[in-house]
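# Fold and geometry: a report
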Amino acid sequence: MHSFYSSTFFCSSFLLLLGLLTGLPTKPIMAQSGGKMKLTGKIIDSQSNEPLGYASIRLFRQADSTFATGAITTETGTFSIDATAGTYYALTEFIGYKPLTTSAIRLLEGSTSLDLGTLKLSVTSTTLDELVVQAEKSSMELSLDRKIFNVGKDLANAGGTAVDILSNIPSVAVDVEGNVNLRGSSNVRILIDGKPSGLVSFKGGAGLQQLQSSMIERVEIITNPSARYEAEGMGGIINIVLKKERKEGINGSFDVITGYPTNLGAAANINYRRKNLNFFINYTVSYRNTPGRTSLYQELYRNDTTFITQQTFRNNLKGMNNSARGGLDYFFSPTSVLTGAYTWRISKGKRFSDIRYYDYVSSLNNLDSYTFRTQDETETEPNSEYALTYKKSFKRKGHELTADLRYLDNWEQSDQYFGQRTFEPNGKPSGIPYLLQRSLNDETEKQWLGQIDYVHPFGKEGKWEAGLRSSFRDMTNNFAVTEQTEDGSWRSLPGLTNNFLYEENINALYGIVGNKVRKLSYQLGLRAEWTDVTTTLRETNDVNPRQYTNLFPSVHVTYDLPRLHALQLSYSRRVRRPQYNDLSPFMTFSDNRNFFSGNPDLNPEFTDAFELGHIKYVENGSLSSSVYYRHTTGKIIRIRRVNEQGFATTLPENLATENAMGAEFTSSYQLLPWWKMDGSLNFFRAITDGGNLDTGLRSDTYSWFARMMSRFTILKTTDLQLRGNYEAPQLTPQGRRKAIATLDLAVSRDVLKNNGTLTLNVLDVFNSRRFRTITEGFNFYTETNSQGRLRQINLTFQYRLHQAKRKTPTGEEN
């Protein structure tokens, strides 16, 4: 099944990309002779006044509407076109925005230049009676420095969480524990609205299970960030942008969700703007039952004897999540706005787990004993975030000052009971007493974050930027494991009770200068970061201070080619600092044979990242491609070791180096008025050297990812969508990870005069989203098969207030 599905999926992806590369129909492009003059201007978003980088502008002759020439805007939204004398009109387009056609443009003989000024692309919203309603952006927008994925257009996202969304974004993978990978790298910086969030502080990407997809507007993938961004995140940055409107009047949307396994929820997104005041609020509530299952097979080699363990793990996590986010924008003037926002979230859950161990000697025909272990956990996770942002736009275009201040206050409380009983092969109780254990864990985080950014244009196309950022974060983890004795009292288990303190202060300063010379644009940046991290184990008074200063340069060079092509060459230096979970020595205790912990002695890893990107716009779509190379020193990878009793410990360690290189292709194309496809392919090679730890910790792997989404309008108000993902097998320094193939199905229908939408989706139709790994060491062989989420069926109803969908002349929803 997997073989047939993956082969068909790969062929479909390849044919789509080949078609784009070899010339799907586009308008003819012809060069003109004669004296040239420059036509300049800038393209911006009509609502936010933000520049639209990599939008297309094309000139057509007024007389016969034949194409003359064109260009793609720079990152700052500016453009420059060389044209001969004549009368033209310009067509400006950007995926997700309404096309704009100008009035007649007359270029006279003897003139040298003409400035068209600012061209504003807008998403309009008036009344349904006027048959002009809000545009809905395409699912995928491509530019040279980032890829943008609009959540609302992907039907399979309805009723899901942020983890479900990330699982289906090209080149992004999420494993069974919620860890996020980008282009095969687990070192990814996850931001919400461009800033750190308490959702990912304790649990990393797994914390995004609390974020409903109905609150998310889009996800931005930045694979090679400039010095403007913090240097954290070797693989790049994933920025999750939450919904917020600034249109006049009152508008919003409401969602109701039901699903199986149990998934009940409701969400409201409301915005009201009148004159200089804009108010927005988002609220979601959900109740979920998330079943999961894992199996493990392990061979332990000791004294010429093989000891075999078969383990099954089944769990159910039942939880209630509430999230509220509100704020307001106050416009002192059209160029000056102050935004205040507050976010409150709380998650309460119960986890029930059943673990079974079957122990054999020499073969599976010789059962030695079997053990049952149970887990009963009660967990509470509240967190609050406060934000205050000021933005000032000056008279000259692109001249801006932004200041941001945030405070995060998060904590998590976990209370777990474990029971364990061992039996002989004949089913009789063994002589090992019944174990009753308890684990208490209290974690807190408090963080202040301040940032100032200033942009100043100079000359005709140049600009320089400068900014500073300071972050002060304190985290604690009070951890205690006790065991009940025969007389009913409780005793602490040695080495499993302590209070871990994590103090992190990071200060940064950056500068960027950029300009354009004819068709060549460049941007040079340098960022300096001062890091001060101290970890303390209070009970044993183990203090580990770390201080280091690093420089992080970045270079981006863009060249505009004829026929609406553009190339960008970029370089940046990145860092992965060991975070709280990487350093905390406390071990997970639910499975008392497989322990996971941090490593207090872990060092940062550094990466030099190079990328060459290309983008091509065609009449009905676009194609983005890139080749990349990353050189990493001190590569952080989790290493598994097994002791003589067969108990395993997995913790992060620094390997010597990793060299990764690959090519990525992403496309979006309207094949027919009723059929649109998005697709991506990523091929890469990774060479990892862990010889500094063990000569056997080396790997050289070739692998690839593929994603395809096909959407059909089968009736006037009904859409059908198929979405497939495939991850090829991959070697690791300790073994290999097997292939994963999944298929999602969704159908939606507009109702209530297009004010409402019903969506039915099935995630993981074949229940095939299983993470299968093989790990080997000198004394063990381990094989795992994990499925953190089973097949999910969701039914969602969304009602839009003063919003609806509008079909373009080609039939595509905008």
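Residues numbered from 1 in each chain as written. Predicted model: local features only at pLDDT ≥ 70, side-chain atom pairs only at ≥ 80, totals over all residues. Heavy atoms only, no water.

### Description of the sheet that holds strand β1 (residues 37-45)
In a beta sheet, neighbouring strands are held together by backbone hydrogen bonds and run either parallel or antiparallel to one another. Across the sheet, which stays open at both edges, the three strands sit in the order β4-β1-β8 with mixed pairing between neighbours. At either end of the open sheet lies a strand with only one pairing partner, and these are β4 (78-83) and β8 (113-121). Going across the sheet, the axis of each strand differs from the next one's by a mean of 20 degrees, ignoring polarity. In this sheet, β8 lies alongside β1 in parallel orientation, the contact comprising seven bridges. Note on β8: the bridge partner recorded for K38 is S113. (Pairing = 2+ DSSP bridges. Helix = DSSP H or I, 4+ residues; strand = E, 2+ residues; numbered from the N terminus. Axes fitted to C-alpha atoms, helices over the stretch in contact; angles between N-to-C directions.)

### A closer look at the environment of M475
With respect to the element layout, M475 can be found in strand β24 (residues 462-484). Counting along the chain gives 30 residues from M475 to E445, while the straight-line C-alpha distance between them is 4.4 Å.

### Points about the nonpolar core
I43, L52, I57, L59, I81, F94 and L107 are the most contacted members of the largest nonpolar core, which has 24 residues in total. Core analysis: the next-biggest nonpolar cluster, separate from the first, contains 19 residues, F149, V180, I240 and L242 among them. (Core = buried A, V, L, I, M, F, W, Y, C linked by side-chain atoms within 4.5 Å. Buried < 20%, exposed > 50% of the residue type's maximum accessible area, 1.4 Å probe, protein only.)

### Observations regarding the pairing of strand β41 (residues 756-763)
If a strand is regular, its side chains alternate between the two faces of the sheet. Across the eight residues of β41, six count as buried, placing the element largely inside the fold. Pairing analysis gives seven bridges linking strand β40 (residues 740-751) to β41, with the strands arranged antiparallel. Residue pairing across strands places V751 opposite G756, the latter belonging to β41. Summarising the sheet, β41 and strand β44 (residues 792-801) pair through eight bridges and their orientation is antiparallel. Each residue of the ladder has a partner; that of L763, found in β44, is Q792.

### Some remarks on the environment of L651
Within the secondary structure, L651 is located in strand β33 (residues 648-654). Since its relative accessible area comes to 18%, L651 is described here as buried. Sequence spacing of L651 and D582 is 69 residues, and the spatial spacing of their C-alpha atoms is 8.0 Å. Residues within four places of L651 in sequence aside, it is in contact with S597, G598, N599, I637, R638 and I639. (Contact = heavy atoms within 4.5 Å.)

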